[in-house]
Amino acid sequence: MLYAVLCYNDESVTSAWSKEEDERVMRDLSAVQRKYVEAGKLGPVARLVPTTTAAATLRHSAGETIVMDGPFAEIKEQLLGFYLIDCASLDEALDFARDLSNANPSTGSYEVRPLALYKPGELPS
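Residues numbered from 1 in each chain as written. Predicted model: local features only at pLDDT ≥ 70, side-chain atom pairs only at ≥ 80, totals over all residues. Heavy atoms only, no water.

Trainee: Teacher, can you tell me more about the pairing of strand β3 (residues 56–61) here?
Mentor: Within a regular beta strand, the side chains point alternately toward one face of the sheet and then the other, so they alternate between its two faces. Where β3 lies against strand β4 (residues 64–69), 6 bridges are found, and the strand directions are antiparallel. Along β4, the bridge assignment pairs Thr-57 with Met-68. Turn length for the β3-β4 hairpin, with the two strands adjacent in sequence and antiparallel, is 2 residues, and the turn residue Ala-62 shows positive phi of about 50°. (Pairing = 2+ DSSP bridges. Helix = DSSP H or I, 4+ residues; strand = E, 2+ residues; numbered from the N terminus.)

Here it is in structure tokens:
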């Protein structure tokens with residue numbers, strides 16, 4: 001089964017890292033990824049740029065769609081990136097998230113969610 005592992009943290013913490021700290025964390029995370037790449041289990045990985053670069057936020061409420069400039073999601077932690085991983089079980093996906101957490105010294109969180117995949121134009125009715 002495919003799982004999304006969503007990486008959250010307080011962006012003010014991670015953006016305060018020095019270049020050396022950031023490179024070390026990325027190196028440590030790459031070491032975790034390598035094991036899953038070699039096993040053919042790791043799919044796309046994405047690191048999102050800071051929320052301050054968000055061009056727009058679209059919000060739908062009370063039958064109206066509003067597009068606002070910039071990031072306006074009001075949350076304590078920001079989505080910083082994600083992994084797609086093919087695991088035999090939730091426990092295996094949690095082991096992967098645990099390895100990522102151990103490689104990353106900050107206080108963020110990793111949300112593990114199973115994926116339902118659909119081909120374009122074939123959404124269930």
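Trainee: Sorry, what's going on with the pattern of salt bridges here?
Mentor: Charged atoms that come close allow side chains of opposite charge to pair. Under the definition given, this model contains 7 salt bridges. Of the charged contacts in the structure, one is a salt bridge between Lys-19 and Glu-23, with a shortest N-O distance of 3.7 Å. Of this pair, Lys-19 and Glu-23 both sit in helix α2 (residues 19–38), 4 residues apart, which is roughly one turn of that helix. For Lys-19, a relative accessible area of 60% puts it in the exposed group. Note on Glu-23: relative accessible area 39%, which makes it partly exposed. A salt bridge links Asp-28 to Arg-24; its shortest N-O distance comes to 3.5 Å. With a gap of 4 residues between them, Asp-28 and Arg-24 both fall in helix α2, about one helical turn apart. Residue classification places Arg-24 among the partly exposed residues on the basis of a relative accessible area of 34%. (Salt bridge = Lys/Arg side-chain N within 4 Å of Asp/Glu carboxyl O. Buried < 20%, exposed > 50% of the residue type's maximum accessible area, 1.4 Å probe, protein only.)

Trainee: Even after reading the chapter, I still don't get the nonpolar core, so can you show me in this structure?
Mentor: Soluble, globular proteins show a tendency: their nonpolar side chains are buried together. Core analysis: the biggest nonpolar cluster contains 18 residues, and Val-5, Tyr-83, Ile-85, Phe-96 and Leu-100 have the highest contact counts within it. For this core, the element with the highest residue contribution is helix α3 (residues 90–103), accounting for 5 residues. (Core = buried A, V, L, I, M, F, W, Y, C linked by side-chain atoms within 4.5 Å.)

Trainee: I keep staring at the packing of α2 against α3 and nothing clicks. Help me out?
Mentor: It is the contact of α2 with α3, at a shortest axis distance of 8 Å, that shows an interaxial angle of 155°. Taken together, the axis directions place α2 and α3 in an arrangement best described as roughly antiparallel. By crossing handedness, the relation of α2 to α3 is classed as right-handed. Judged by residue contacts, Asp-28, Leu-29, Val-32, Lys-35 and Tyr-36 of α2 engage Asp-95, Phe-96, Asp-99, Leu-100 and Ala-103 from α3. (Axes fitted to C-alpha atoms, helices over the stretch in contact; angles between N-to-C directions. Parallel < 35°, antiparallel > 145°, perpendicular 65-115°, else oblique. Left-handed = near helix turned anticlockwise from the far one by under 90°. Contact = heavy atoms within 4.5 Å.)

Trainee: Looking at this model, I keep getting lost on the packing of aromatic side chains. Mind explaining?
Mentor: The description of an aromatic ring pair uses the distance of the two centres, along with the angle that the planes make with each other. Overall, the coordinates contain 2 aromatic pairs when judged by the stated rule. Between Tyr-36 and Phe-96, the aromatic rings sit 4.6 Å apart at their centres with planes inclined by 75°, giving edge-to-face as the arrangement. Note that Tyr-36 is positioned in helix α2 and Phe-96 in helix α3, a separation of 60 residues in sequence. For Phe-96, a relative accessible area of 0% translates into the label buried. Centroid distance Tyr-83 to Phe-96: 5.2 Å. Interplanar angle 85°. Geometry classified as edge-to-face. With Tyr-83 in strand β5 (residues 78–86) and Phe-96 in helix α3, this pair connects stretches of sequence that are 13 residues apart. Each member of the aromatic cluster is reached from another via a ring pair, and the members are Tyr-36, Tyr-83 and Phe-96. (Phe/Tyr/Trp six-rings, centres within 6.5 Å; stacked < 30°, edge-to-face > 60°.)

Trainee: What is the right way to look at the sheet that holds strand β2 (residues 42–47) in this model?
Mentor: Backbone-to-backbone hydrogen bonds pair the strands of a sheet. The strands run either parallel or antiparallel. Pairing is antiparallel across the open sheet formed by 4 strands, whose spatial order is β2-β5-β1-β6. Edge positions in the sheet fall to β2 and β6 (109–114), since each of these pairs with one other strand and no more. Averaged over all neighbouring strand pairs, the angle between strand axes comes to 20°, with direction disregarded. Relative to β5, β2 is paired through 4 bridges, and the arrangement is antiparallel. Bridge pairing in β5 links Leu-42 to Ile-85.

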